[in-house]
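# Examination of the molecular architecture
As a plain string of letters, each chain reads:
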Amino acid sequence: MYFFSFYMLKGKKIILGVTGSIAAYKAATLVRLFIKQGAEVKVILTHDAKEFITPLTLATLSKNPVLSNFIANNNGEWNNHVELGLWADLLLIAPASANTIGKMANGICDNLLLATYLSAKCKTYVAPAMDLDMYAHPSTQNNLNKLRDYGNIILPVGEGELASGLIGAGRMLEPEEIVFFLDESTRLTEKLKGKKVLVTAGPTYESIDPVRFIGNHSSGRMGFAIAEEFARHGASVTLISGPTELHELNENIKRIDVTSADEMYEKTVTQFAKTDIAVMSAAVADYTPEKVSITKIKKSGDELHLKLKKTKDILAELGRLKNKKQLLVGFALETDNEVANAMKKLTAKNLDFIVLNSLKTKGAGFGHQTNKVTIIDRKGNKTDHKLKSKTEVAQDIVHKVMSLMHA
Ligand code: CTP
């Protein structure tokens, strides 16, 4: 039983895309629930969807003509997919068949729904519906991952008896579950609305000469996950990133790329004055070559000595600049005396809390998809979290920030 106490979809303009799947009959209930919440709904049916549900049913329930073709009527009037895409606050494709998912992932655009998807500026939610083997197939899973990478939100599937009689995962969520999911996801985007967040991520590269540098193994994944999580809650995020292959997804993230510790220092300190919450997760070099050779250093002798000088500690500087309203979070990467060392950093750098990574845990830290952290705040509260995906660790960090904001 679902209670929509928030009615977050009230006044929202929703496009519901329905594709050819037996679950298409559930689109009628979906439209009814959206209308009940006070949303405005336009439905786009693919050609195959019409075999499962009639346009008349959906037009009656949505109180809008159902769209299916590029040409609207016999007078040659045009259903403008660009206008439709811009009209919507939210595009939901439910049920999304394996065929439509595959086309969306590959930029294929041979019907009105796909053209609208490609034109839409709003968030797109995809509710897959298919047989278990189709859902489990690596090509479907790759396509879903591609869609996630493009910033779409993929809803989970239900498990149980499927239309084929087989039992497993692939069933579209029930309409009530889908509306609940959208409600929750919309509510989330209100939580940190108006807050300005600054995140540093990734390694820094310190040049030795035009072809060589001193770097580290940081992938940037932890910082990017933190930036995404804040953005998902509606915050405006500035992400200052060292060299990484990653790319940000949420449009609430403004990314500034830097290379060296010195550049990261300059950009971060400049941004800090207009920041409410700062999380410094970058693996910043502590030392940099005293002199950078303009020309490539030639091989000579058996040894090469590089003289290094200390870089500026960005986090410590923010701790000095911080006012009472700003919240500052740091990371500590330790291999021994972990808690004692982290607590020293917490005090010395004037932080609100510190996220301790231990390199001793298998699967945690640099280069991994997972991390295991302990969060310690300035009151001495210490929470040991289990090994989790970096996205889940980011959720724990954002929850901690929100709990301190409301304390
Ligand atoms: N940090 C920073 N600027 C630096 C070095 C570190 O902002 N020049 C930040 C990191 O982003 C992290 C925290 O300081 O949030 C702690 O980094 P860590 O490498 O664990 O500690 P250090 O202070 O550099 O001390 P040490 O290397 O001796 O453990």
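Residues numbered from 1 in each chain as written. Predicted model: local features only at pLDDT ≥ 70, side-chain atom pairs only at ≥ 80, totals over all residues. Heavy atoms only, no water.

### A word on the packing of aromatic side chains
For clarity, the threshold we go by: Only centres within 6.5 Å qualify two rings of Phe, Tyr or Trp (six-membered ring in Trp) as a pair; their planes then separate them into stacked at under 30 degrees, edge-to-face at over 60, and tilted for everything else. By definition, any uninterrupted DSSP run of H or I lasting at least four residues is a helix, any uninterrupted run of E lasting at least two residues is a strand, and each is numbered from the N terminus. Burial classes: relative accessible area under 20% of the type maximum marks a residue as buried, over 50% as exposed, and values in between as partly exposed (1.4 Å probe, protein chains only). Either the NZ atom of lysine or the CZ atom of arginine qualifies as a charge over a ring when it sits within 6 Å of the ring centre and within 35 degrees of the ring normal.
The final tally for this structure, using the stated rule, is two aromatic pairs. Between Tyr125 and Phe181 the ring centres are 6.5 Å apart and the planes differ by 85°, which places this aromatic pair in the edge-to-face class. A residue pair is termed long-range when its members are at least 10 positions apart, and Tyr125 in strand E4 (residues 123–128) and Phe181 in helix H8 (residues 175–188) qualify at 56 residues. The class of Tyr125 is buried, set by a relative accessible area of 5%. Residue classification places Phe181 among the partly exposed residues on the basis of a relative accessible area of 25%. Measuring from centroid to centroid gives 3.8 Å for Tyr205 and Phe213, while their planes differ by 10°, and the two rings are stacked. A residue is classified by how much of its surface remains accessible, and Phe213, at 43% relative accessible area, is partly exposed. Just above the ring of Trp87 sits the side chain of Lys42; from NZ or CZ to the centre is 4.3 Å.

### Some thoughts on the layout of surface pockets
Short version of the rule: Throughout, the protein atoms alone are placed on a 1 Å grid, and a set of points is a cavity if a 1.4 Å probe fits but cannot get out or a pocket if it is open with protein on both sides within 12 Å along at least five of seven lines; lining residues have an atom within 4 Å of a point. Grid points are joined across faces, edges and corners, and a volume is the space filled by probe spheres set on the points. For this scheme, ten residues count as nonpolar: Ala, Val, Leu, Ile, Met, Phe, Trp, Tyr, Cys and Pro. Four count as charged, namely Asp, Glu, Lys and Arg, and the remainder, Gly too, count as polar. Segmentation of the chain into domains, including their bounds, is taken from an automatic or database domain assignment.
Size it by volume and the largest pocket reaches roughly 1800 Å³. In this structure, the largest pocket is lined by 49 residues; those nearest its centre are Lys123, Gly151, Ile153, Glu228 and Asn250. When contributions to the lining of the largest pocket are tallied by element, the ones reaching two or more residues are helix H4 (98–105), helix H5 (112–119), E4, helix H7 (138–149), strand E5 (153–154), H8, helix H9 (221–232) and helix H13 (390–405). Examining the composition of the lining of the largest pocket, we find that seven residues originate from one element, H9, more than from any other. For the lining of the largest pocket, the residue count by class is 18 nonpolar, 16 polar and 15 charged. Residues from two domains meet in the lining of the largest pocket; each of domain 1 (13–188) and domain 2 (196–405) gives at least three. In this structure, the second largest pocket occupies an estimated 820 Å³ of space. The wall of the second largest pocket is formed by 34 residues, among which Ala282, Ala283, Val284, Phe331 and Leu333 lie closest to the centre. For the lining of the second largest pocket, the secondary-structure elements that each account for two or more residues are H9, helix H11 (314–321) and strand E16 (327–334). Taken together, the residues that form the lining of the second largest pocket break down as 13 nonpolar, 13 polar and eight charged.

### Things to note about the site of the ligand
Where we set the bar: Neighbouring residues are identified by heavy atoms, a residue being near a molecule or strand if any of them is within 4 Å of it. Polar contact is the term for a pair of N or O atoms within 3.5 Å; when the atoms are in protein, one must be able to donate a hydrogen and the other to accept it, and sequence-neighboring residues count only if both atoms are side-chain atoms. Only the protein chains shown count as cover for residues, and all accessible areas are computed by the Shrake-Rupley method using a 1.4 Å probe. The rule for placing a molecule in a cavity or pocket is simple: more than half of its atoms must lie within 2 Å of the grid points.
As a structural note, the neighbourhood of the ligand is formed by 16 residues, with Met280, Ala282, Phe331, Lys345 and Lys349 the closest of them. At a separation of 3.0 Å, a nitrogen atom of the ligand approaches a polar backbone atom of Lys312. Coverage of the ligand by the protein chains reaches 76% of its 570 Å² of free accessible surface. When atoms are counted within 2 Å of each cavity's grid points, the one that captures over half of the ligand is the second largest pocket.

### Quick notes on the domain arrangement of the chain
Note the cut-off: Note on contacts: a residue pair is in contact if any heavy atoms of the two residues lie within 4.5 Å. A 1.4 Å probe defines the accessible area here, and the buried area is the portion of it lost by two parts on being joined, summed over both.
In terms of domains, the chain is made up of domain 1 (13–188) and domain 2 (196–405). With five residues of domain 1 at the interface, the matching set in domain 2 holds six residues. Taking both sides of the interface into account, the surface hidden between domain 1 and domain 2 amounts to around 440 Å²; carbon and sulfur atoms contribute 48%. Joining domain 1 to domain 2, the criterion identifies zero residue pairs in polar contact (both at pLDDT 80 or more).

### A closer look at H9
Think of an α-helix as turning once every 3.6 residues; residues three or four places apart then point the same way. Just so we agree on the cut-off: Expected span of a helix, by definition, is 1.5 Å for each gap between consecutive residues, and there is one gap fewer than residues.
The terminal C-alpha atoms of H9, which comprises twelve residues, lie 16 Å apart, in line with the 16 Å expected from a rise of 1.5 Å per residue. The set of residues buried in H9 consists of Met222, Gly223, Phe224, Ala225, Ile226, Ala227, Glu228, Glu229, Phe230 and Ala231. The positive-phi residue at the C-terminal boundary of H9 is Gly234, with phi of around 95°.

### Considering a nonpolar patch on the surface
Let me state the cut-off plainly: Patches were defined on residues exceeding 30% relative accessible area and lacking a salt bridge, with like-charge contacts within 9 Å and nonpolar side-chain contacts (Val, Leu, Ile, Met, Phe, Trp, Tyr) within 5 Å. Salt bridge, as applied in this entry: a Lys or Arg side-chain nitrogen positioned within 4 Å of an Asp or Glu carboxyl oxygen.
Together, Tyr287, Leu304, Leu306 and Leu308 give the surface a local cluster of nonpolar side chains, amounting to about 390 Å² of exposed area. Counting through the fold element by element, Leu308 comes out in strand E15 (residues 308–310).

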